[in-house]
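Working through the structure, step by step
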Amino acid sequence: PAASRMAARKEIEDYLCQTFDRQLALSDLPEEERAAAEKKKAAAAQNLAALSDPDTALENPYSKSLYKRIAIKDLFGEDQGRRVIGKQVVVGGWVKTGRTADKGAFAFLELNDGTTPINLQTLVPKDVQDPDTCRQTGTCVVVQGEVKAAPEGAKQAIEVHSTKILHFGSSEAASYPIAKSKLSLEFLREKIHLRVRTNTISAVQRIRNCLAYATHKFFQKSGFQYVHTPIITASDCEGAGEMFQVTTLLSAADAAGSDPITPEKIAELKAASSAAGGEVAEIKKAQKEMDAEAKAADKPRLTAALEKLTAAKKAVEDAEKSVCLPIPDLALPHALYAGFRTRRQVHGQDQIEQ
């Protein structure tokens, strides 16, 4: 992966050099633009030359302006980092675990920057940073040091002996929620901004990334284009979905005519249904005090009231299925789609589609 990224970076820098050459070849190019193009070309040429240096090539391209940090994944490489033993490097990340040794003379830190599930062991002497402060889980550090071979029997082939702390962000163990112990998924759902630092969630994220990349790569090579299709959902967050109702009965829009089903009309139908229910309740209450002969004589009145209540409930149900937007041009019936009321999901892509 590091070699492929390096080849891509070389290709980009080479393309930039050629672009600036074509720009400088223009005879009518203003002096200010010519000077800027020459400056940019020199920078691209310098970057291209630096990429040929094995040590410089390891530097993270997004960290060149500040620390020139090397990603832990690239540091290990294919030989577990043996090729860089004896060299000075800059690495950074969050402390997964830490401990002090030799009566507090130095601290062992397990650093991880998210580029690989493997942690990098870093030794921090007391004269560089207080071991008790830097060993706390969640501490953010960027260290400069020498890569040395790990002791015999160690899990890793290398470790970094730090000589300087370039960045230090402390973390309080009492308040940092991602502890060393195993955490339940239910707990991690409450710590969304930090859960990606755990082994489980980071592994899931890497798998999803690989699957998404492979899927896009396959379809791109097969001549397909990636588009944002509308998402049909039954949810209506904050009422925004009312603007994007989905229906399968466009022809029923004409049937709605000038008297479409509106929320106000539904409220009237619900009031009528409630009144019909109250009438049934009053009849049943009155019949409790009647004898058998009087109940039999009053049964037709109860039957009629029940039929009226059933019809009122059905009217409410039908109206809710066919509610229309109170806008003449968009007065489409809100018909059932896949068995329930649906809308288009409102998302950021809508502003591009409008």
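Refer to the structure above for everything that follows.
Overview of the structure.

1. Notes on the nonpolar core
Core analysis: the biggest nonpolar cluster contains 22 residues, and Leu75, Val89, Leu120 and Val147 have the highest contact counts within it. Of all the secondary structure elements, the ones that give two or more residues to this core are α4 (72–76), β1 (88–101), β2 (106–112), β3 (120–125), β4 (140–149) and β5 (158–169). Setting aside residues no more than four positions away along its own chain, Val89 makes contact with Ile70, Leu75, Val143, Gln144, Gly145, Val147 and Val160. By size, the runner-up hydrophobic cluster in this structure holds six residues, among which are Ala276, Val280, Ala305 and Leu309.

2. Topic: the sheet that holds β1
One closed barrel holds the five strands; their spatial order is β1-β2-β3-β5-β4, and the pairing between them is mixed. Averaged over all neighbouring strand pairs, the angle between strand axes comes to 55°, with direction disregarded. Here β3 runs beside β5; their pairing, made up of two bridges, is parallel. Paired with Leu123 across the strands is His161, a residue of β5.

3. Overview of the packing of aromatic side chains
Here the structure, examined in full by the defined rule, presents three aromatic pairs. Plain terms: the ring middles of Phe218 and Phe219 are 5.1 Å apart, the flat faces sit at 80° to each other, and that makes the pair edge-to-face. Under the relative-accessibility criterion, Phe219 is labelled partly exposed at 36%. Here Phe219 and Phe224 contribute two aromatic rings whose centre-to-centre distance is 5.2 Å and whose plane-to-plane angle is 90°, an arrangement assigned as edge-to-face. Look at Phe224 and you get partly exposed, because its relative accessible area is 49%.

4. Thoughts on the pattern of salt bridges
Taken as a whole and assessed by the stated rule, the structure comprises eight salt bridges. Arg301 is the salt-bridge partner of Asp298, the closest N and O atoms lying 2.8 Å from each other. Of this pair, Asp298 and Arg301 both sit in helix α10 (residues 292–321), three residues apart, roughly one helical turn. With a relative accessible area of 43%, Arg301 lands in the partly exposed category. Where Asp318 meets Lys314, a salt bridge forms, and the shortest distance between an N and an O atom there is 2.9 Å. Of this pair, Asp318 and Lys314 both sit in helix α10, four residues apart, roughly one helical turn.

5. Re the packing of helix α9 (residues 263–287) against α10
Viewed as axis vectors pointing N to C, α9 and α10 meet at an angle of 160°, and their least axial separation amounts to 9 Å. Between α9 and α10, the angle is such that the two are roughly antiparallel. In this structure, the crossing between α9 and α10 has a hand that is left-handed. The residue makeup of the contact of α9 with α10, split by class, is 14 nonpolar, three polar and 10 charged.

6. Topic: helix α2 (residues 31–50)
For α2, built from 20 residues, the straight-helix expectation of 28 Å at 1.5 Å per residue is met to within 8% by its first-to-last C-alpha distance of 29 Å. For α2, the complete set of buried residues consists of Arg34, Ala37 and Ala44. Down the axis of α2, the buried set is contained in an arc of 90°. They therefore lie on one face. Projecting away from the buried face of α2 at angles above 90 degrees are the exposed residues Glu31, Glu32, Lys39, Gln46 and Ala49.

7. Concerning unusual backbone geometry
Across residues other than glycine, the phi torsion is negative in most instances, and most of the peptide bonds are trans. For Lys68, which is not a glycine, the phi torsion comes out positive at approximately 55°. Its location among the elements puts Lys68 in the loop between α3 (54–57) and α4. Judged by relative accessible area, Lys68 falls into the partly exposed class, the value being 46%.

8. Brief notes about the environment of Lys164
The residue Lys164 is located in strand β5 in this model. Setting aside anything within four residues of it in sequence, one finds Lys164 in contact with Val128, Val142, Val143 and Gln144.

Definitions and limits used
- Residues numbered from 1 in each chain as written.
- Predicted model: local features only at pLDDT ≥ 70, side-chain atom pairs only at ≥ 80, totals over all residues.
- Heavy atoms only, no water.
- Core = buried A, V, L, I, M, F, W, Y, C linked by side-chain atoms within 4.5 Å.
- Buried < 20%, exposed > 50% of the residue type's maximum accessible area, 1.4 Å probe, protein only.
- Helix = DSSP H or I, 4+ residues; strand = E, 2+ residues; numbered from the N terminus.
- Contact = heavy atoms within 4.5 Å.
- Pairing = 2+ DSSP bridges.
- Axes fitted to C-alpha atoms, helices over the stretch in contact; angles between N-to-C directions.
- Phe/Tyr/Trp six-rings, centres within 6.5 Å; stacked < 30°, edge-to-face > 60°.
- Salt bridge = Lys/Arg side-chain N within 4 Å of Asp/Glu carboxyl O.
- Parallel < 35°, antiparallel > 145°, perpendicular 65-115°, else oblique.
- Left-handed = near helix turned anticlockwise from the far one by under 90°.
- Nonpolar A, V, L, I, M, F, W, Y, C, P; charged D, E, K, R; others polar.
- Expected span 1.5 Å × (residues − 1).
- Arc of directions from axis to C-beta.

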